[in-house]
Amino acid sequence: MRRRGSPDEEQMTALYTEHYAVLLSFICRYVRDRHKAEDLVQETLLRAWRHIDHLEPDPVRTRSYLLTIARNVVTNTWRAEQRRPRLVADEAAVASVPAADNVDQLVEGWLVAEALGRLSDNHRAVVQAMYYEGQTVAGAARKLSVPEGTVKSRAYYAVRALRQAFEEMGVLR
């Protein structure tokens, strides 16, 4: 047994069978992708279904109404695509984009160099070995020919001196 649909469903089925091909042809004039055009036809018919009580029984007026909806759907889709940024696949275009300036990095480097310049030679050597070269306490002790405890102590006091230097330069509060 086949279930009989509501009058709105029957009217929508009739709209689909009568006007689908015309709507698809109309939308394909503006949209090159067939799948996208079919989606836009579906969107057009969905909008018509939401206002199915406003449809006229005259098929000419109904087609005109559907084509107006289709035009609005195409226009809205085009506008939405214009707002989206486009991906660039051209390597030359990507390479020609200017790089971000590194002024902040230059200023930070200058500030760190200035603060390191205020340290004693022994403290600067420990900071260099441990923080810039990534050596362990034992490795830094071997490199500097001092006991490990001395490296720990110098590292502690070097960090305190750096903090004070940054505060004097107005970088830290």
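Residues numbered from 1 in each chain as written. Predicted model: local features only at pLDDT ≥ 70, side-chain atom pairs only at ≥ 80, totals over all residues. Heavy atoms only, no water.

**Considerations on unusual backbone geometry**
At Ser145, a position not held by glycine, the phi torsion is positive, near 60 degrees. Locating Ser145 in the fold gives a position in the loop between helix H7 (137-144) and helix H8 (148-168). (Helix = DSSP H or I, 4+ residues; strand = E, 2+ residues; numbered from the N terminus.)

**Quick notes on the packing of aromatic side chains**
Here the distance between the centres and the angle between the planes together describe a pair of aromatic rings. Here the structure, examined in full by the defined rule, presents three aromatic pairs. Taking the centre distance of 4.8 Å and the plane angle of 35 degrees together, the rings of Tyr16 and Tyr20 count as tilted. Remark: Tyr20 and Tyr16 occur in helix H1 (residues 7-28); sequence separation between them is four residues, near one turn of the helix. (Phe/Tyr/Trp six-rings, centres within 6.5 Å; stacked < 30°, edge-to-face > 60°.)

**Quick look at the environment of Phe166**
Within the fold, Phe166 resides in helix H8. Here the alpha-carbon distance between Phe166 and Val112, two residues 54 residues apart in the chain, equals 8.3 Å. Not counting residues within four places of it along the chain, the set of residues in contact with Phe166 comprises Leu111, Val112, Ala115, Val171 and Leu172. (Contact = heavy atoms within 4.5 Å.)

**A short note on H8**
Spanning 21 residues, H8 covers 30 Å between terminal C-alpha atoms, matching the ideal 30 Å at 1.5 Å per step. Considered for burial, the residues of H8 that qualify are Val151, Arg154, Ala155, Ala158, Leu162, Ala165 and Phe166. Seen along its axis, H8 keeps its buried residues to an arc of 105 degrees; they face one direction. Those residues of H8 that are exposed and angled more than 90 degrees off the buried face are Lys152, Arg163 and Glu168. (Expected span 1.5 Å × (residues − 1). Buried < 20%, exposed > 50% of the residue type's maximum accessible area, 1.4 Å probe, protein only. Arc of directions from axis to C-beta.)

**A closer look at the pattern of salt bridges**
Where side chains of opposite charge bring their charged atoms close, a pairing between them can arise. The full count for this structure, using the stated rule, is seven salt bridges. Measuring nitrogen to oxygen at the nearest pair gives 3.1 Å for the salt bridge that ties Arg118 to Glu168. Taken together, the positions of Arg118 in the loop between helix H5 (103-117) and helix H6 (121-132) and Glu168 in helix H8 put the pair 50 residues apart, joining distant regions of the chain. Looking at Arg118, the relative accessible area reads 42%, which means it is partly exposed. Bridged by salt links that share partners, the residues Glu114, Arg118 and Glu168 form one connected network. (Salt bridge = Lys/Arg side-chain N within 4 Å of Asp/Glu carboxyl O.)

**Side note on the nonpolar core**
Core analysis: the biggest nonpolar cluster contains 20 residues, and Leu23, Ile27, Leu40, Val41, Leu45 and Leu66 have the highest contact counts within it. Mapped onto this core, the elements with two or more residues apiece are H1, helix H2 (34-50) and helix H3 (59-83). The biggest single contributor to this core is H1, with seven residues. Not counting residues up to four positions away in its chain, the partners in contact with Leu45 are Met12, Tyr16, Tyr20, Leu23 and Leu66. (Core = buried A, V, L, I, M, F, W, Y, C linked by side-chain atoms within 4.5 Å.)

**Considering the packing of H5 against H6**
Axis separation between H5 and H6 bottoms out at 10 Å; the angle between their running directions is 140 degrees. Relative to H6, H5 is oriented oblique. Judged by residue contacts, Val112, Leu116 and Gly117 of H5 engage Arg124, Val127 and Tyr132 from H6. Within the contact of H5 with H6, the residues separate by chemical class into four nonpolar, one polar and one charged. (Axes fitted to C-alpha atoms, helices over the stretch in contact; angles between N-to-C directions. Parallel < 35°, antiparallel > 145°, perpendicular 65-115°, else oblique. Nonpolar A, V, L, I, M, F, W, Y, C, P; charged D, E, K, R; others polar.)

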